[in-house]
Amino acid sequence: MTDLVIGPDGLSRCAWGASTPDYAVYHDTEWGRPLRGDDALYERMTLEAFQSGLSWLTILRKRPAFRLAFDGFHIETVAAYTEADTARLLADAGIVRNRAKIEAAVANARAALELPDGLSALLWSFAPPPRPAHPTSFAEVPALTPESTAMAKALKKRGFRFVGPTTAYALMQATGMVDDHLAGCHVVSAGAA
C-alpha cells in the first residue's frame with residue numbers, strides 16, 4: 001500500500017483516509033483542520049486518550065455515543081461528575097468502558113477549569129510554525145515532537161492524565177496544530193487543511 005491513494009471518487013488521499021468510508025469523511029472534513037474552543041478541544045483530547053491502545057476507527061464510530069454519555073463534552077458539566085456518573089459511564093456499552101480513562105476524562109475537565117486562559121489557549125501555545133512543505137510519505141511524519149513532548153509535560157504539571165507526548169502529537173494532528181496531510185492529497189490541493 002502506498003501512502004497516497006486514489007479513492008473510488010477519484011480523489012487522492014492519504015492512504016489511511018481512503019481505507020474506510022468513515023475515515024474518508026474524517027480525513028476530508030476534520031483531520032488537520034484548525035479547531036479552537038475549550039469544549040471542542042477537550043472532546044478531542046478525551047477521545048485521543050480513549051483511543052490509546054485501540055484503533056481510531058473504534059473511537060470514531062463510537063463518537064456519537066461518547067458525546068451523549070459525556071454531555072457533549074461540556075467541560076463544566078463533566079467536571080461536576082460524581083462517582084455515580086463514573087458508574088453510569090462504566091455501564092454504557094456505547095463507549096469504551098475503561099475506568100482509568102473515564103476517571104482521567106473527569107480529572108481533565110476539572111484541570112481545564114483551572115486554566116486561567118482556557119484549554120484552547122494552552123494547547124495552541126504549543127503549535128509549531130507550519131512546515132515549509134507537506135510530507136511526501138508517512139515515514140516523514142513523527143510520532144512525537146519537541147512541541148508535543150512540551151505540551152504533554154505542561155498538561156501533566158497541571159493535573160491532566162492520559163496525555164503523553166504521542167497522544168499530544170495525535171491531538172495536534174487531529175486539531176490542525178500541525179498539518180500532516182501528504183503532498184498530493186486532495187485536502188492539501190484544495191487548500192482546506
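What counts as what
- Residues numbered from 1 in each chain as written.
- Predicted model: local features only at pLDDT ≥ 70, side-chain atom pairs only at ≥ 80, totals over all residues.
- Heavy atoms only, no water.
- Core = buried A, V, L, I, M, F, W, Y, C linked by side-chain atoms within 4.5 Å.
- Buried < 20%, exposed > 50% of the residue type's maximum accessible area, 1.4 Å probe, protein only.
- Helix = DSSP H or I, 4+ residues; strand = E, 2+ residues; numbered from the N terminus.
- Phe/Tyr/Trp six-rings, centres within 6.5 Å; stacked < 30°, edge-to-face > 60°.
- Axes fitted to C-alpha atoms, helices over the stretch in contact; angles between N-to-C directions.
- Parallel < 35°, antiparallel > 145°, perpendicular 65-115°, else oblique.
- Left-handed = near helix turned anticlockwise from the far one by under 90°.
- Contact = heavy atoms within 4.5 Å.
- Salt bridge = Lys/Arg side-chain N within 4 Å of Asp/Glu carboxyl O.

Thoughts on the nonpolar core
Within the largest apolar cluster, 49 residues are counted, with the highest numbers of intra-cluster contacts made by Phe66, Phe70, Leu119, Leu123, Met151 and Phe160. Elements with a minimum of two residues in this core: α1 (21–29), α2 (38–51), α3 (56–69), α4 (75–79), α6 (99–113), α7 (119–124), α8 (146–157) and α9 (165–174).

So, the packing of aromatic side chains
We describe a pair of aromatic rings using the distance from one ring centre to the other and the angle between the two ring planes. Applying the stated criterion to the full structure yields 10 aromatic pairs. Between Trp16 and Tyr23 the ring centres are 5.5 Å apart and the planes differ by 85°, which places this aromatic pair in the edge-to-face class. Its relative accessible area of 23% is what places Trp16 among the partly exposed residues. Ring centres 6.3 Å apart and planes at 25° place the aromatic pair Phe70 and Tyr81 in the stacked group. Separated by 11 residues along the polypeptide, Phe70 in the loop between α3 and α4 and Tyr81 in the loop between α4 and α5 (83–90) bring together distant segments of the chain.

Let's talk about the packing of α8 against α9
The contact between α8 and α9 brings their axes to 8 Å, and the two run at 110°. One element, α8, and the other, α9, form an angle in the roughly perpendicular class. As α8 runs across α9, the sense of the crossing is right-handed. Here Glu147, Ser148, Thr149, Met151 and Ala152 of α8 lie close against α9, whose contacting residues are Pro165, Ala168, Tyr169, Leu171 and Met172.

Notes on the packing of α2 against α6
For the pair α2 and α6, the least separation of the axes is 10 Å and the interaxial angle reads 155°. Between α2 and α6, the angle falls in the class roughly antiparallel. α2 and α6 meet at a crossing whose hand is right-handed. For the pair formed by α2 and α6, the contact residues are Tyr42, Met45, Thr46, Ala49, Phe50 and Gln51 on the first element and Lys101, Ile102, Ala105, Val106, Asn108 and Ala109 on the second.

Digging into the pattern of salt bridges
All told, the structure shown has 10 salt bridges when counted by the stated rule. Among the ionic pairs, Arg67 bridges to Glu43, the shortest N-O distance being 2.7 Å. On the criterion of sequence distance, the pair formed by Arg67 in helix α3 and Glu43 in helix α2 is long-range, its members being 24 residues apart. Owing to a relative accessible area of 37%, Arg67 belongs among the partly exposed residues under this scheme. With a closest N to O distance of 3.3 Å, Arg99 and Glu83 form a salt bridge. Remark: Glu83 occurs in helix α5 and Arg99 occurs in helix α6; sequence separation between them is 16 residues. Under the relative-accessibility criterion, Arg99 is labelled partly exposed at 38%. Here the salt bridges do not stand alone but share partners, grouping Asp9, Arg13 and Asp28 into one network.

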